[in-house]
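Secondary and tertiary structure notes
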Number of protein chains: 2
Amino acid sequence: MSDAHRAMWERLNLDLTAHDGLLEVLGKFYGDIYMSQENRLKGMEYMDFVLSEVHGLRIKEIQDAKAQGHKVVGTFCVFVPEELTLAAGALQVGLCAGAEAGSDLAEALVPRNTCALIKSFIGFKLARLCPYLESCDLVVGETTCDGKKKAYEAFADLAPLHVMEVPQTKSLAARDLWYEEVMRYMAVLEDLTGVTITAERLRAAIKIVNDRRRVLQRLSALRAADPAPISGRDALLINQISFYDDPQRFTTKIGELCDELEARVAAGQGVAPAGTPRVLVSGCPMAVPNWKLPYVIESSGAVIVGEESCIGSRNTRDLVDESGESVEDMIEALVDRYMKIDCACFTPNEERQENVAEMAKTLKVDGVINYSLMFCQPYAHEAMKMEKSLEGKVPTLSLETDYSMEDVEQLKTRIEAFVEMVS
Amino acid sequence: MSDAHRAMWERLNLDLTAHDGLLEVLGKFYGDIYMSQENRLKGMEYMDFVLSEVHGLRIKEIQDAKAQGHKVVGTFCVFVPEELTLAAGALQVGLCAGAEAGSDLAEALVPRNTCALIKSFIGFKLARLCPYLESCDLVVGETTCDGKKKAYEAFADLAPLHVMEVPQTKSLAARDLWYEEVMRYMAVLEDLTGVTITAERLRAAIKIVNDRRRVLQRLSALRAADPAPISGRDALLINQISFYDDPQRFTTKIGELCDELEARVAAGQGVAPAGTPRVLVSGCPMAVPNWKLPYVIESSGAVIVGEESCIGSRNTRDLVDESGESVEDMIEALVDRYMKIDCACFTPNEERQENVAEMAKTLKVDGVINYSLMFCQPYAHEAMKMEKSLEGKVPTLSLETDYSMEDVEQLKTRIEAFVEMVS
C-alpha cells in the first residue's frame, strides 16, 4: 500500500497497526479463495483490482468527492433508497460487516447472542477498522430485525445516525408508514447536503440505480446456462462490490463481463463441467469478506448458480418504475418498489417462498442451501418454512454458522453429503 | 379434580394423561414456592383457589360463557386492546406460555435459538395442554419481536389467528399505523361476535379494564412500605391471574386484599423484617408458572417490591382517558394509551429507562435485577442499556435464563452475592 493511502487512513483515525493486519488477512484469504479458481473470466480482473484497492483507491475517490462538497451516506441494508441519496448529490456505500474484527469489543455494547454481522459492524467501529464508516457524514439504519434495531441505539453514540422504520407487514397502513419514512429520509438528505431533490435529479438517480440492477439481472440470467459460466464466489463478489463501487463505472464493467459470459455460454464453456450439481444459496446476506460458505460449497463438488439474499437477487430483482414525471410520482414509484422486497422482516412473507421456488426452477438448481447467521431469528424461521415449501420440488439443506473458521470441517462434511445426495 | 372437569378437558381434546402430569407438577411447584411462605395475606386465599382451579372452574366459566354465545379471544401480549374485546361481548384470556411443556415438539416449528416463552406457547398447542387455547375462537398475535412475529406464521396453521402490527417507533406515522390496526381489530371482533361496538359498550369496557389497572396500581403503591407488606411472588401471581380471571371479580378481590395490605402497612407489619434488601425485577414477562427467579431471589435474603414487566407495571401504569363520548373519541384514547407502552420493541425506548429509575426511587429499591429470557434480543439489549442508565443510582444485576431448573444453583450463587452487596 502506498504512503498516500497510509496518510489517508491516519487522517481517518484508523488503528493503523490493526488495519495492516486486517488487510494482510484479507489479502491472503482472497488469494486462497479467489485466485485459486480455474477458468476464470477476464472481466474478473476488474473485481480483483477493486477488491485489492477496497480500502485504498475507492476510499481516495470518496475523500476526493468529499473535498468537492459531496456527502457520504453509509448503510447496512437494501431498504435505504440509494436513488434519493444519489439525487441529493451524495454517495452511498455499504459498510464493513463481514469479518470478525472487533467483535470482542462489540460484546460490551450488544448481547453475546447477537449475529456475527451486527457484532461486526459495531466491532469495525470500535476497533477503528472501516474507512468507509469513518468517511460517512451519515449512517442510515433501519428496523428490519430486533438485533439491528436495538444495536443502532448503541451505535447512535458512535456515529451520526438516522434510523428508518421499515414496516413489518404489507398492509396499506404499512405502506403509508414507509412512504412517510421515505419522505423523512428525503428531508434529512436535503438538510445534510443542502441540495433540493428535483425531478430531474431524481429521474437521473433512478436510472443509475435501475441500470445497475438491470446489468446484475443480466448476469443472473446468464447463470441459467449449464455448464455454469461463472463461479458463485465470483458472482457473490460482484454483488458485494455493487455496494461499494461507483455505480455507473460498475454497470459498465459488469456489462463487459456479461458480454464475455455470453460468448462463453454460446461456446458451451464454463467454470465446472456440464452436469456439476447446481446449488442456490438462500438466506442471510454475505458481506465482504464472508466467503466461507461459498468456498466450502464450491470445494465440495458443486457450483453455486444463484444468491437469494440482500447481497444478491433481493437487491436487484425489482426495478423502480421510470415513467413518473414529478418528484411525487417518482417517490410513489420508489415506495412501491421498496415495499416489494421479500425480506424476512415481513409477516407473512410468502412472496419469498415463491421467489425462491421460481429461482430454483429458472436456474435449474439441484439443491437449495438455506444459510442463516447464528442468532438471526427471521431467517432461521424462514429456513424452516423454506424446507417445507420446497419439499418434493428440490432438496434443501439448512445451515447456521457465523464468521469463525472453527466449523469449516463440519460444514464441509454436511455439504459434501448434500451434494452427493443431489448429484 | 372432579369428573366433570375431566369430561370438559376431554371435550377440549386435551391430552389427558400429559395434562394430569402437568397439573401434578404445577401443584407441587406451587406448594413449594407459595404455600411455604410465612406471614401471608388472608386475601391470597382467593389466589390460591383461583390457581388451584386455573384449568378447572375458570375453564368451566369460559365454557359456560361460550354456551351463552360469548366468544373467547386469547393473547400473548399487552398490546391487544382488551377494551375492544370486552366491548364486543367476548372474553379475553392470556394463554399458557410459562412452562417447558411440549417445548421439544415446538422445535419442529421454530428454531432452537428461540426464547422459552415462544417455545412454550407453540409447545402447549402441539402437546394439547392448554385449555384456554383450546377454548379460543380467535388468537390475536402481534409483531413485538422477531421471535413471536415469525412463530405466529407457523402457529397460524394450528389455531384461528389474527396478527396486529405493532409499530417500532413512536412517530406520528407509527401512531397512524397502530390506529389502523386497532380499527382492523375492531372490525375482526365485530365480525367474530356479530356485536356492534357502541359508545355505551366501549365506555363500560374501558371502565372495567381501567378499574383493574387502578386496583393493581394501588397494590403497587402499597409496596413502597418498609417492611414490604406482600412478597414479590404473591404480587407476581396477582398480576399473572389478572390475565385469566373475570376482570370485575378480580378487581373486587384485589381491592379487599389492598384493604388488608393497608392495615398491615399501618401496623408496620410485613412479610420480611424492615431493612430487608428490596429488589425490583425488570425485563421479560413471567407467565404462570414461571416463578423460578422470584423464588430464588426471595430465598436469598431479599424481597421483591416491584415487577417492571408486561406481567407487572407495564400492563397497569397507563389508563385510557375516560372522557371520550363517541366511539371515535374512545378509539383515539385507546390508541394513545397503547402507544405509551414502553416495550423493548420500540426504538429508541428511553421512557423505559426513566420509568425504571422512577420505580426504583418510589419503591426505595436497593437493587434492580434485569431479567431476560435466553434469546430474547430486545430485552437483552435493554438490560445492557439499563445497567448504564442506572449506574451511580442503584446497583444492577443482569440475568439470562429459561424455564429449566438446571441453572437454579448458579442463579442462587449470583443473586446471593448481589443481595449481600446491596445490603
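Treat the numbers as computed from the prediction; the structure is a model and nothing was measured.

1. Focus on the overall build of chain A
- The helix and strand tally for chain A stands at 19 helices and 8 strands.
- Relative to its length of 423 residues, chain A is compact, with a C-alpha radius of gyration of 21 Å against a globular reference of 22 Å.
- By principal-axis analysis of the C-alpha atoms, chain A measures approximately 55 × 50 × 45 Å.
- Per-residue burial for chain A yields a buried fraction of 56% across its 423 residues.
- Pairs at least 24 apart in sequence give 75% of the contacts found in chain A among residues at least 6 apart.

2. Description of the sheet that holds strand β5 (residues 278–283) of chain A
All names here are of chain A.
- Judged by pairing direction, the sheet is parallel, and its 4 strands sit side by side in the order β6-β5-β7-β8 without closing on themselves. The sheet is open, and its two borders are formed by β6 (303–308) and β8 (396–401), each paired with just one other strand. On average, adjacent strands in this sheet sit at an angle of 25 degrees to one another, irrespective of strand direction.
- With 6 bridges connecting them, strand β7 (residues 367–373) and β8 associate as parallel partners. Across the sheet, I369 pairs through a bridge with L397, a residue of β8.
- Strand contacts of helix α12 (residues 232–241): β5 and β6, with the helix running at about 30 degrees to β6, the strand carrying the most contacts.

3. A short note on the relation of the copies chain A and chain B
- Take chain A, turn it by 180 degrees, move it 0.0 Å along the axis, and it overlays chain B with an RMSD of 0.0 Å. Both copies are brought into coincidence by an operation consistent with a two-fold rotation axis.
- A shared binding surface is used by both copies, with 100% of the interface residues of chain A retained as interface residues in chain B.

4. Section: the sheet that holds strand β4 (residues 161–164) of chain B
Residue and element names in this part refer to chain B.
- Strand order in the open sheet formed by 4 strands is β2-β1-β3-β4, and the pairing between neighbours is parallel. The strands lining the two open edges of the sheet, one partner per strand, are β2 (91–94) and β4. Ignoring strand direction, the axes of neighbouring strands in this sheet form an average angle of 30 degrees.
- With 4 bridges connecting them, strand β3 (residues 138–142) and β4 associate as parallel partners.

5. Points about the packing of helix α11 (residues 199–222) of chain A against helix α13 (residues 247–266) of chain A
Residue and element names in this part refer to chain A.
- At a minimum axis distance of 9 Å, the contact between α11 and α13 shows a crossing angle of 20 degrees. As summarised for this structure, α11 and α13 are arranged roughly parallel, according to the angle between their axes. Considering how the two elements wind past one another, α11 and α13 form a crossing that is left-handed. Touching I208, V209, D211, R212, V215, L216, R218, L219 and L222 of α11 are P247, Q248, F250, T251, I254, G255, C258, L261, E262 and V265, all from α13.
- Split by residue class, the contact of α11 with α13 holds 12 nonpolar, 3 polar and 4 charged.

6. With respect to the pairing of β8(A)
Residues and elements named next belong to chain A.
- Of all 6 residues that make up β8, 6 are buried, and the element is covered over most of its length.
- Of the two faces of β8, the one holding T396, S398 and E400 and the one holding L397, L399 and T401 are both buried throughout.
- Between the parallel pair β7 and β8, the chain is carried across by helix α18 (residues 377–390), and the sense of this crossover is right-handed.

7. Regarding unusual backbone geometry
All names here are of chain A.
- Looking along the chain, the bond that leaves V288 and enters P289 is cis, with omega of 0 degrees.
- Within the secondary structure layout, P289 lies in the loop between β5 and α14 (292–298).
- Non-glycine residue N13 carries a positive phi angle of around 65 degrees.
- Its place among the elements puts N13 in the loop between α1 (3–11) and α2 (16–35).
- Even without a glycine there, the phi angle at R128 is positive, about 55 degrees.

8. Focus: the pairing of strand β5 (residues 278–283) of chain B
Residue and element names in this part refer to chain B.
- The element β5 is extensively covered by neighbouring structure, given that 6 of its 6 residues are classed as buried.
- By the alternation rule, side chains of β5 split into R278, L280 and S282 and V279, V281 and G283, which are all buried.
- Of the pairings in the sheet, the one linking β5 to strand β6 (residues 303–308) comprises 5 bridges and is parallel in character. Residue pairing in the sheet places V279 in a bridge with I304 of β6.
- What joins β5 to β6 is helix α14 (residues 292–298), and the crossover it makes is right-handed.
- Note that β5 and strand β7 (residues 367–373) share 5 bridges and pair parallel. Along β7, the bridge assignment pairs G283 with Y371.

9. Observations concerning the domain arrangement of chain A
Residue and element names in this part refer to chain A.
- With domains assigned, chain A is organised as domain 1 (3–196) and domain 2 (203–318 + 349–422).
- Distance between the C-alpha centres of domain 1 and domain 2: 22 Å.
- Elements that contribute at least two residues to the side of domain 1 that touches domain 2 include exactly α2, α3 (44–52), α5 (82–87), β2 (91–94) and α7 (116–126).
- Looking at side-chain class alone, the side of domain 1 that touches domain 2 contains 22 nonpolar, 8 polar and 5 charged residues.

10. A closer look at α12(A)
- Of all 10 residues in α12(A), 10 are buried, a share of seventy percent or more.
- Looking at α12(A), one finds that the buried residues are G232(A), R233(A), D234(A), A235(A), L236(A), L237(A), I238(A), N239(A), Q240(A) and I241(A).

11. Regarding the interface of chain A and chain B
- Taken residue by residue, the interface counts 33 residues in chain A and 33 residues in chain B.
- Sorting the residues of the side of chain A that touches chain B by element identifies α9 (146–155), α10 (172–193) and α18 of chain A as the ones contributing at least two each.
- Split into classes, the residues belonging to the side of chain A that touches chain B amount to 15 nonpolar, 9 polar and 9 charged.

Cut-offs applied
Residues numbered from 1 in each chain as written. Chains lettered and ligands numbered in written order. Predicted model: local features only at pLDDT ≥ 70, side-chain atom pairs only at ≥ 80, totals over all residues. Helix = DSSP H or I, 4+ residues; strand = E, 2+ residues; numbered from the N terminus. Rg over C-alpha atoms; globule rule 2.2 N^0.38 Å. Buried ≥ 20, exposed ≤ 12 C-beta atoms within 10 Å, placed from the backbone. Contact = placed C-beta atoms within 7 Å. Pairing = 2+ DSSP bridges. Axes fitted to C-alpha atoms, helices over the stretch in contact; angles between N-to-C directions. Least-squares fit on C-alpha atoms with pLDDT ≥ 70 in both. Parallel < 35°, antiparallel > 145°, perpendicular 65-115°, else oblique. Left-handed = near helix turned anticlockwise from the far one by under 90°. Nonpolar A, V, L, I, M, F, W, Y, C, P; charged D, E, K, R; others polar. Right-handed = clockwise from strand over helix to strand, strands pointing away. Domains from an automatic or database assignment.

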